[in-house]
Amino acid sequence: MNKPIRKAVLPVAGLGTRFLPATKAVPKEMLTIVDRPIIQYVVDEARAAGIEHIVFVTGRNKQVIEDHFDMAYELEDTLKARNKAAALELLEKHRPQPGSTSFTRQQAPLGLGHAIWCARDIIGDEPFAILLPDVIIKSKVSCLKQMVDLYDQTGGNIIAVEEVPEDQTHNYGIVELAEGINANASRISNMVEKPAPGTAPSNLMITGRYILQAEIFDLLSNQKQGAGGEIQLTDSMLTLMKEQPFSSIKFEGRSYDCGSKSGFLSANIAFGMDDPKLAQDLVPFMQEMIQKPVAAE
């Protein structure tokens, strides 16, 4: 029997420098896609996959994330007094149960591997999920739920992957596949971080969703600094791959890299189009903008 995936780690300590000055006082994870902050979409995905406890690895000036997932007494009292039942129900729907979240600090910007390592005592010896909060995934079935379903069959470690154009593989972490498991899943034989153009072993990029076994923490404890002087999660995963199986899943859905301005704007349009009322306004506006000549620089 595989141990169940009960816990997830969300590394939210990044500075969000690509969105300055907006992120000078507001964490990038709290920028909104339509009417919800980015982080809410990621938490909703985790909860839809059956995650019982979410560990946020934060940094300085990120307290607003903790406040977002707490009660807001003044606001809720005002809504009650004004009989705003729908708004109250919405707040309650997105508020985690008491005791189902933890917050720990990454006190220095030492990379993703170090951020995950900071959650080691809260995760313990259980397999766990990692969801990168820069990436939100639009899908009918939670991406992480698709991964958990595969994990229940195969055990081991699972990585979500997505196809990218061949000429863009050098921008991403890319997996090399071995034998297939089913139509959408395969064993992984190698991972290459940003391969040189023309050398990628596939066109499948690592999408920012992982299920890993707890042994990764011991490897991260002894991991030497890699690219950029940071503790790289990929380096420890490659070491763990020598002892445990890694599988990929081509999830059904589409990811949006909200760490980039174009991905952030694309996500707003994609999720906005899900609302028929918003779509009525968005479609003619976008048609107008497409027909408008591009201003010369």
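Before reading further, recall that the structure is shown in the block above.
Residues numbered from 1 in each chain as written. Predicted model: local features only at pLDDT ≥ 70, side-chain atom pairs only at ≥ 80, totals over all residues. Heavy atoms only, no water.

Draft legend 1. Seen up close, the overall build of the chain. Across its full length, the chain carries 11 helices and 13 strands. Against the globule reference of 19 Å for 297 residues, the chain gives a C-alpha radius of gyration of 20 Å, in line with a compact fold. By principal-axis analysis of the C-alpha atoms, the chain measures approximately 60 × 50 × 40 Å. Across the 297 residues of the chain, 45% fall into the buried class. Taking the contacts inside the chain whose residues are at least 6 apart along the sequence as the reference set, 76% of them involve residues at least 24 apart. If you average the places of the 30 positive and of the 38 negative side-chain charges in the chain, the two averages end up 3 Å apart. (Helix = DSSP H or I, 4+ residues; strand = E, 2+ residues; numbered from the N terminus. Rg over C-alpha atoms; globule rule 2.2 N^0.38 Å. Buried < 20%, exposed > 50% of the residue type's maximum accessible area, 1.4 Å probe, protein only. Contact = heavy atoms within 4.5 Å. Lys, Arg positive; Asp, Glu negative; His and termini not counted. Charge placed at Lys NZ, Arg CZ, Asp CG, Glu CD.)

Draft legend 2. Geometry of the packing of aromatic side chains. Evaluated as defined, the whole model comprises six aromatic pairs. Measuring from centroid to centroid gives 5.0 Å for F128 and F217, while their planes differ by 10°, and the two rings are stacked. Here F217 lies in helix α8 (residues 216–221) and F128 lies in strand β6 (residues 128–131), a separation of 89 residues in the sequence. Aromatic rings pair up to connect Y41, Y256 and F271 into one cluster. Taking NZ or CZ as reference, R120 lies 3.6 Å from the ring centre of W117, over its face. Geometry around F271 places K138 over its ring, the cationic atom sitting 5.9 Å from the centre. (Phe/Tyr/Trp six-rings, centres within 6.5 Å; stacked < 30°, edge-to-face > 60°. Lys NZ or Arg CZ within 6 Å of the ring centre and 35° of its normal.)

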